Amino acid sequence: MLEEIYAQTKEHMEKSIEALRKDYRSLRTGKVNVNILDGIKIDYYGTPTDLSQVGSVLSPDATTIVINPWEKNLLGLIDKAIQTANIGVNPNNDGVVIKLFFPPMTTDQRENTVKQAKVMTDNAKVAIRNIRQNANTKAKNLLKDKLITEDENKRAQDEIQKITDSYVVKADETLKAKEKEIRTI
(Lines give C-alpha, C1' and ligand atoms only; values in the text may rest on other atoms or scores of the structure.)
Protein backbone atom coordinates (compact mmCIF):
# COMPACT_ATOMS: atom_id res chain seq x y z
CA MET A 1 0.00 0.00 0.00
CA LEU A 2 2.77 2.43 0.90
CA GLU A 3 4.77 1.52 -2.20
CA GLU A 4 1.71 2.42 -4.27
CA ILE A 5 1.53 5.82 -2.54
CA TYR A 6 5.25 6.41 -3.26
CA ALA A 7 4.82 5.45 -6.92
CA GLN A 8 1.81 7.73 -7.37
CA THR A 9 3.63 10.57 -5.62
CA LYS A 10 6.66 10.24 -7.91
CA GLU A 11 4.43 10.02 -10.98
CA HIS A 12 2.48 13.18 -10.07
CA MET A 13 5.65 15.09 -9.17
CA GLU A 14 7.26 14.07 -12.46
CA LYS A 15 4.21 15.48 -14.25
CA SER A 16 4.72 18.77 -12.38
CA ILE A 17 8.32 18.95 -13.62
CA GLU A 18 7.16 18.20 -17.19
CA ALA A 19 4.52 20.94 -16.92
CA LEU A 20 7.24 23.32 -15.74
CA ARG A 21 9.39 22.47 -18.77
CA LYS A 22 6.39 23.02 -21.02
CA ASP A 23 5.78 26.41 -19.39
CA TYR A 24 9.42 27.33 -19.99
CA ARG A 25 8.94 26.78 -23.73
CA SER A 26 6.68 29.83 -23.85
CA LEU A 27 9.53 32.04 -22.60
CA ARG A 28 11.72 33.84 -25.07
CA THR A 29 15.43 33.17 -24.83
CA GLY A 30 18.25 34.59 -26.95
CA LYS A 31 17.19 32.58 -30.00
CA VAL A 32 13.56 32.92 -30.99
CA ASN A 33 11.57 29.70 -30.59
CA VAL A 34 8.38 28.80 -32.47
CA ASN A 35 6.92 27.62 -29.14
CA ILE A 36 6.36 31.28 -28.29
CA LEU A 37 3.29 30.95 -30.52
CA ASP A 38 1.89 28.02 -28.51
CA GLY A 39 -1.51 28.88 -27.18
CA ILE A 40 -2.35 31.31 -29.98
CA LYS A 41 -5.49 30.07 -31.65
CA ILE A 42 -7.44 31.21 -34.69
CA ASP A 43 -11.08 30.64 -35.51
CA TYR A 44 -10.76 27.95 -38.18
CA TYR A 45 -14.26 27.42 -39.56
CA GLY A 46 -15.80 27.89 -36.12
CA THR A 47 -13.22 25.84 -34.20
CA PRO A 48 -10.41 27.41 -32.13
CA THR A 49 -7.28 25.91 -33.72
CA ASP A 50 -3.55 26.24 -32.92
CA LEU A 51 -1.42 28.11 -35.47
CA SER A 52 0.70 25.00 -35.98
CA GLN A 53 -2.42 23.16 -37.20
CA VAL A 54 -3.24 25.61 -40.01
CA GLY A 55 0.18 26.09 -41.58
CA SER A 56 3.90 25.58 -41.23
CA VAL A 57 5.65 27.56 -38.50
CA LEU A 58 9.41 27.81 -38.99
CA SER A 59 12.31 29.74 -37.52
CA PRO A 60 14.82 30.29 -40.36
CA ASP A 61 17.22 32.27 -38.14
CA ALA A 62 17.70 33.42 -34.54
CA THR A 63 15.34 36.42 -34.80
CA THR A 64 12.63 35.45 -37.32
CA ILE A 65 9.55 33.22 -37.37
CA VAL A 66 7.76 32.53 -40.67
CA ILE A 67 4.17 31.30 -40.73
CA ASN A 68 3.04 29.85 -44.06
CA PRO A 69 -0.67 28.99 -43.87
CA TRP A 70 -2.00 26.14 -45.96
CA GLU A 71 -4.99 28.28 -46.95
CA LYS A 72 -4.18 31.87 -47.96
CA ASN A 73 -7.57 33.13 -46.74
CA LEU A 74 -6.30 32.52 -43.17
CA LEU A 75 -3.58 35.19 -43.37
CA GLY A 76 -5.83 37.90 -41.93
CA LEU A 77 -7.05 35.69 -39.08
CA ILE A 78 -3.50 34.67 -38.18
CA ASP A 79 -2.33 38.29 -38.36
CA LYS A 80 -5.14 39.39 -36.01
CA ALA A 81 -4.57 36.50 -33.57
CA ILE A 82 -0.87 37.34 -33.25
CA GLN A 83 -1.63 41.02 -32.64
CA THR A 84 -4.23 40.09 -30.01
CA ALA A 85 -1.80 37.69 -28.28
CA ASN A 86 0.60 40.60 -27.69
CA ILE A 87 3.84 38.61 -27.92
CA GLY A 88 5.97 41.72 -28.40
CA VAL A 89 6.15 41.94 -32.19
CA ASN A 90 3.86 42.99 -35.00
CA PRO A 91 3.25 40.50 -37.80
CA ASN A 92 4.39 41.39 -41.32
CA ASN A 93 1.85 40.03 -43.80
CA ASP A 94 3.10 40.04 -47.40
CA GLY A 95 0.06 38.25 -48.82
CA VAL A 96 1.86 34.89 -48.95
CA VAL A 97 3.40 34.37 -45.51
CA ILE A 98 3.50 36.14 -42.17
CA LYS A 99 6.91 37.03 -40.81
CA LEU A 100 7.65 37.92 -37.22
CA PHE A 101 10.90 39.82 -36.65
CA PHE A 102 12.08 39.73 -33.04
CA PRO A 103 14.70 42.30 -32.02
CA PRO A 104 17.63 41.03 -29.95
CA MET A 105 16.76 40.87 -26.26
CA THR A 106 18.04 43.61 -23.97
CA THR A 107 19.56 42.87 -20.58
CA ASP A 108 16.39 44.12 -18.90
CA GLN A 109 14.24 41.82 -21.04
CA ARG A 110 16.46 38.90 -20.15
CA GLU A 111 16.17 39.68 -16.43
CA ASN A 112 12.38 39.97 -16.71
CA THR A 113 12.28 36.61 -18.48
CA VAL A 114 14.39 35.09 -15.68
CA LYS A 115 11.87 36.49 -13.16
CA GLN A 116 9.02 34.86 -15.12
CA ALA A 117 10.92 31.55 -15.07
CA LYS A 118 11.36 31.85 -11.28
CA VAL A 119 7.62 32.42 -10.82
CA MET A 120 6.89 29.35 -12.97
CA THR A 121 9.35 27.33 -10.87
CA ASP A 122 7.79 28.51 -7.62
CA ASN A 123 4.36 27.46 -8.92
CA ALA A 124 5.76 24.01 -9.74
CA LYS A 125 7.21 23.74 -6.22
CA VAL A 126 3.81 24.61 -4.74
CA ALA A 127 2.26 21.85 -6.87
CA ILE A 128 4.93 19.41 -5.66
CA ARG A 129 4.24 20.33 -2.03
CA ASN A 130 0.51 19.85 -2.58
CA ILE A 131 1.24 16.38 -3.94
CA ARG A 132 3.30 15.68 -0.80
CA GLN A 133 0.39 16.80 1.37
CA ASN A 134 -1.97 14.45 -0.47
CA ALA A 135 0.45 11.53 -0.06
CA ASN A 136 0.87 12.27 3.66
CA THR A 137 -2.91 12.34 4.05
CA LYS A 138 -3.21 8.95 2.36
CA ALA A 139 -0.59 7.50 4.73
CA LYS A 140 -2.38 8.99 7.75
CA ASN A 141 -5.65 7.48 6.55
CA LEU A 142 -3.99 4.07 6.38
CA LEU A 143 -2.85 4.58 9.99
CA LYS A 144 -6.33 5.70 11.04
CA ASP A 145 -7.83 2.60 9.39
CA LYS A 146 -5.21 0.53 11.29
CA LEU A 147 -3.70 -0.82 8.05
CA ILE A 148 -0.21 0.38 9.07
CA THR A 149 1.52 1.00 12.41
CA GLU A 150 2.74 4.31 13.87
CA ASP A 151 6.31 3.39 12.95
CA GLU A 152 5.34 2.58 9.37
CA ASN A 153 3.48 5.90 9.16
CA LYS A 154 6.55 7.78 10.43
CA ARG A 155 8.78 5.99 7.86
CA ALA A 156 6.22 6.75 5.15
CA GLN A 157 6.18 10.46 6.05
CA ASP A 158 10.01 10.49 5.92
CA GLU A 159 10.07 8.70 2.55
CA ILE A 160 7.47 11.07 1.09
CA GLN A 161 9.56 14.03 2.30
CA LYS A 162 12.69 12.56 0.63
CA ILE A 163 10.77 12.18 -2.64
CA THR A 164 9.50 15.75 -2.33
CA ASP A 165 12.99 17.12 -1.62
CA SER A 166 14.39 15.35 -4.69
CA TYR A 167 11.73 16.88 -6.95
CA VAL A 168 12.23 20.37 -5.47
CA VAL A 169 15.93 19.98 -6.32
CA LYS A 170 14.94 18.89 -9.86
CA ALA A 171 12.81 22.03 -10.23
CA ASP A 172 15.72 24.20 -9.04
CA GLU A 173 18.14 22.49 -11.45
CA THR A 174 15.69 23.01 -14.30
CA LEU A 175 15.50 26.71 -13.38
CA LYS A 176 19.31 27.04 -13.29
CA ALA A 177 19.59 25.55 -16.77
CA LYS A 178 16.83 27.83 -18.10
CA GLU A 179 18.43 30.91 -16.48
CA LYS A 180 21.73 30.08 -18.16
CA GLU A 181 19.96 29.69 -21.51
CA ILE A 182 18.12 33.01 -21.10
CA ARG A 183 21.22 34.95 -20.07
CA THR A 184 23.38 33.53 -22.87
CA ILE A 185 23.83 36.11 -25.61
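Residues numbered from 1 in each chain as written. Predicted model: local features only at pLDDT ≥ 70, side-chain atom pairs only at ≥ 80, totals over all residues. Heavy atoms only, no water.

In this section: the pattern of salt bridges. All chains considered together, the criterion is met by 9 salt bridges. Here Glu 11 ties to Lys 15 by a salt bridge, and the two come within 3.5 Å at their closest N and O atoms. Taken as a pair, Glu 11 and Lys 15 lie in helix 1 (residues 2-24) at a separation of 4 residues, close to a single helical turn. Judged by its relative accessible area of 42%, Glu 11 falls in the partly exposed class. The salt bridge involving Asp 158 is made with Lys 154; its shortest N-O contact spans 3.2 Å. One end of the pair, Asp 158, and the other, Lys 154, are both in helix 4 (residues 150-183), 4 residues apart, so they sit about a helical turn from each other. (Salt bridge = Lys/Arg side-chain N within 4 Å of Asp/Glu carboxyl O. Helix = DSSP H or I, 4+ residues; strand = E, 2+ residues; numbered from the N terminus. Buried < 20%, exposed > 50% of the residue type's maximum accessible area, 1.4 Å probe, protein only.)

With that settled, consider the sheet that holds strand 3 (residues 55-61). Strand order in the open sheet made by the 4 strands is 3-4-6-5, with antiparallel pairing throughout. A strand with exactly one partner marks an edge of an open sheet, and here the two such strands are strand 3 and strand 5 (92-93). Alignment of strand 3 against strand 4 (residues 64-69), held across 5 bridges, turns out to be antiparallel. Bridging from a neighbouring strand, Ser 56 pairs with Asn 68 of strand 4. The strands that helix 2 (residues 75-85) touches are strand 4, strand 5 and strand 6 (98-101); relative to strand 6, the one it contacts most, it runs at about 20°. (Pairing = 2+ DSSP bridges. Contact = heavy atoms within 4.5 Å. Axes fitted to C-alpha atoms, helices over the stretch in contact; angles between N-to-C directions.)

What follows deals with unusual backbone geometry. One non-glycine residue with positive phi stands out, namely Asn 86, at about 55°. With respect to the helices and strands, the residue Asn 86 is situated in the loop between helix 2 and strand 5. Even without a glycine there, the phi angle at Lys 146 is positive, about 60°.

To continue, consider the side chain of Thr 121. Structurally, Thr 121 can be placed in helix 3 (residues 107-144). Using a relative accessible area of 1% as the deciding quantity, one classes Thr 121 as buried. In this view, Thr 121 contacts Leu 20, Tyr 24, Ala 171, Asp 172 and Leu 175; residues no more than four positions away in its chain are not counted.

So, on to the nonpolar core. Note on soluble globular proteins: their nonpolar side chains tend to be buried together. Of all hydrophobic cores here, the largest spans 26 residues; its most connected members are Leu 2 and Tyr 24. Of all elements in the fold, only helix 1, helix 3 and helix 4 reach the threshold of two or more residues within this core. The contact partners of Tyr 24, leaving out residues within four places of it in the chain, are Ala 117, Met 120, Thr 121, Ala 171, Thr 174, Leu 175 and Lys 178. Within the second largest apolar cluster, 20 residues are counted, among which are Ile 67, Ile 78, Ala 81 and Ile 87. (Core = buried A, V, L, I, M, F, W, Y, C linked by side-chain atoms within 4.5 Å.)

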